[in-house]
Amino acid sequence: MLMSYSQPEVRELPSGYKFEHPQSETTIRLDFQGRWLSFRCGVYFYRRCMNGDVVCGKGEIPLHCSEKIKLTDKIATTLGQWDQNWNGHNRVKSLLQTASGLDFNYYNRQAALYRAVYPEGVPILPPDRYGDLVVQPVIGCPNRACTFCAFYKDKPYKMLPSDQFAQHLLGIKALLGERCLAKGGLAKDGLFIGSANAMALSQRRLMAYLQQIDACFDPFKRGIAAFADPDFSAPRNASQWQELANAGVTRLVIGLETGWGALRGRLGKSADLTRVCHAVEDYKRAGISVGITVLAGACEAGQQQENVQRTAAFIKALGLERKDIVYLSPLESVNVDRKLRAQELRLMKQHLAVCSDAQIVPYQTQRFRYYC
Ligand code: SF4
C-alpha cells in the first residue's frame with residue numbers, strides 16, 4: 001500500500017478523534033487514550049473488540065495473531081508518520097505521539113484485563129445495543145434449558161456480592177481509561193446489565209446494583225437495557241417497575257421465540273405465555289420499552305405458516321408501539337433447512353409489519369462483537 005506522509009484531516013468525536021487521509025484512503029478512529037478503535041484502508045475496514053479480537057468487514061472471523069501484529073504495526077507506523085508531519089493543535093499531536101507508541105503488547109495487556117474483568121465473556125447483546133457498555137452483576141441464565149441456545153449451557157446462574165461487583169466496575173473503568181472517563185467521551189452510549197436475565201434479581205439487589213452503577217458512571221444517553229425472562233423473574237409490583245424506570249431502565253428484551261405455546265415448550269421455554277403478556281403490560285405501564293425476540297427455523301417442515309400466524313397474532317395482542325422492537329433471529333443449526341428458514345423469516349416479517357407498530361430488526365447472533 002502507498003503510504004502518504006502529509007497531514008490527515010481530523011475531527012473530534014464524542015468518543016475521541018477521527019483522522020482521515022484521503023490520499024492514502026486511510027481513516028483511523030482513536031479514543032481519548034490514543035487507542036485505535038477502527039481502521040479503514042482502501043476497501044478494508046477493521047474494528048477492535050474488547051476481548052482483543054480484531055475483525056475485518058462483517059466481523060464473522062477474527063484475524064489471526066500474526067495478522068493482528070502486522071495490522072497493529074501498520075497503524076502505529078501510520079500514526080507515527082502523521083505525528084511527525086503534524087502542525088496543528090498540540091493536544092492532537094500529543095495524542096498521535098501516544099497512539100503511535102501503543103504496540104501489540106499493549107493491546108495484549110488490554111485483552112488480558114478484559115478477561116479478568118469479564119471472566120465469562122460477553123456472549124450476546126440485542127443488535128440495537130451492540131454499542132452498550134456491559135456490566136455483569138449476575139452471570140449465566142437461570143433457565144439454561146433451551147434446546148437452541150449454547151450461550152450459557154455450562155455457566156450456572158450466579159450473582160456477585162456487592163464488593164465483587166464494585167471490583168468489576170473498577171475493572172471496567174480501568175479498561176476504559178481515565179482520559180476517556182474524564183472527557184465523558186465513552187464510545188458507548190448505553191448500558192446493558194448482563195447476562196441472560198437481570199430481572200431474576202430481587203428488587204432490593206437490583207436497585208443496590210443500579211446505585212453502584214450510578215455512583216460509577218455518568219448517565220447513559222440511551223439508558224439501561226437488559227434481557228428479561230418473565231418465567232424466571234422476581235415478582236414486582238407496579239411501583240417497583242416504576243422504580244426501575246426511574247433508575248434509568250429504558251428497555252427490557254424478552255426471548256419469546258414463538259407465540260405458539262406448544263412449540264415454545266418444545267424449545268425449552270414455558271408453553272404458557274401468560275407471564276410474557278403480564279410482563280409486557282408491566283414494562284409498558286412503567287414506560288419501559290419492550291424488545292421481543294422471535295426465532296425462525298425452529299418448527300418442523302410444514303408448520304411454518306402456523307408458527308408465523310400464531311406468533312403474529314400473539315405479538316399483535318401485546319399492543320407494541322413504534323419504540324418497541326421485534327428482533328427476528330434465524331436459528332443457527334446444521335439441521336435447519338435454510339430455504340424454509342428464509343421463507344419463514346420473510347413471511348414473519350410481512351405479517352408483523354401489518355399487525356404490529358413495533359420496529360422489526362434482523363438479529364444475527366453470530367455477528368455479535370463487543371467492540372471497543
Ligand atoms: S432463557 Fe435465553 S439465555 Fe437462557 S437458555 Fe434460554 S435462550 Fe438461552
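Residues numbered from 1 in each chain as written. Predicted model: local features only at pLDDT ≥ 70, side-chain atom pairs only at ≥ 80, totals over all residues. Heavy atoms only, no water.

Colleague: What is the right way to read the site of the ligand from this model?
Modeller: The ligand sits among C141, N143, R144, C146, F148, C149, Y152, A196, D229 and K269. Taken together, the residues of the shell around the ligand sort by class into six nonpolar, one polar and three charged. (Near = heavy atom within 4 Å. Nonpolar A, V, L, I, M, F, W, Y, C, P; charged D, E, K, R; others polar.)

Colleague: Just checking my understanding: could you explain the nonpolar core for this structure?
Modeller: A general tendency of soluble globular proteins is for nonpolar side chains to be buried together. Y118, I193, F217 and I292 are the most contacted members of the largest nonpolar core, which totals 78 residues. Considering each element in turn, this core owes the most residues, six residues, to helix 6 (residues 203-216). If we skip the residues at most four places from it in the chain, F217 touches L133, L169, I172, K173, L176 and L181. Judged by nonpolar contacts, the second largest core, of 23 residues, contains C41, L63, W82 and V92. (Core = buried A, V, L, I, M, F, W, Y, C linked by side-chain atoms within 4.5 Å. Buried < 20%, exposed > 50% of the residue type's maximum accessible area, 1.4 Å probe, protein only. Helix = DSSP H or I, 4+ residues; strand = E, 2+ residues; numbered from the N terminus. Contact = heavy atoms within 4.5 Å.)

Colleague: I would appreciate a short explanation of unusual backbone geometry in the present structure.
Modeller: Where the residue is not glycine, phi is negative for most of them; where a peptide bond is considered, it is trans in most cases. The step from G194 to S195 runs through a cis peptide bond, and the omega angle for that step is 0°. Locating S195 in the fold gives a position in the loop between strand 10 (191-193) and helix 6. A positive phi is found at E25, a non-glycine position, where the angle reads about 50°. On the secondary structure map, E25 appears in the loop between strand 2 (16-21) and strand 3 (26-30). With relative accessibility at 52%, the residue E25 sits in the exposed group. Residue R144 is not a glycine yet carries a positive backbone phi of 60°.

Colleague: What's the story with the sheet that holds strand 10 in this structure? I'm lost.
Modeller: Pairing between the strands of a sheet is mediated by backbone hydrogen bonds and can be parallel or antiparallel. On the basis of which strands lie adjacent, the open sheet formed by seven strands has the order 7-10-11-12-13-14-15 and parallel pairing. The sheet is open, and its two edges are formed by strand 7 (133-135) and strand 15 (359-362), each paired on a single side. Each neighbouring strand pair of the sheet contributes to a mean axis angle of 25°, computed without reference to strand direction. Relative to strand 11 (residues 224-228), strand 10 runs parallel, the two sharing three bridges. (Pairing = 2+ DSSP bridges. Axes fitted to C-alpha atoms, helices over the stretch in contact; angles between N-to-C directions.)

Colleague: When you look at the pairing of strand 3 in this model, what are you seeing that I'm missing?
Modeller: When a strand is regular, its side chains alternate between the sheet's two faces. In terms of residue burial, strand 3 counts as a mostly covered element, since five of its five residues are buried. The two faces of strand 3 match: T26, I28 and L30 on one face and T27 and R29 on the other face are all buried. With five bridges connecting them, strand 2 and strand 3 associate as antiparallel partners. Considered in strand 3, the bridge of H21 is made with T26. Linking strand 2 to strand 3, which pair antiparallel, is a turn of four residues; within it E25 sits at a positive phi near 50°.

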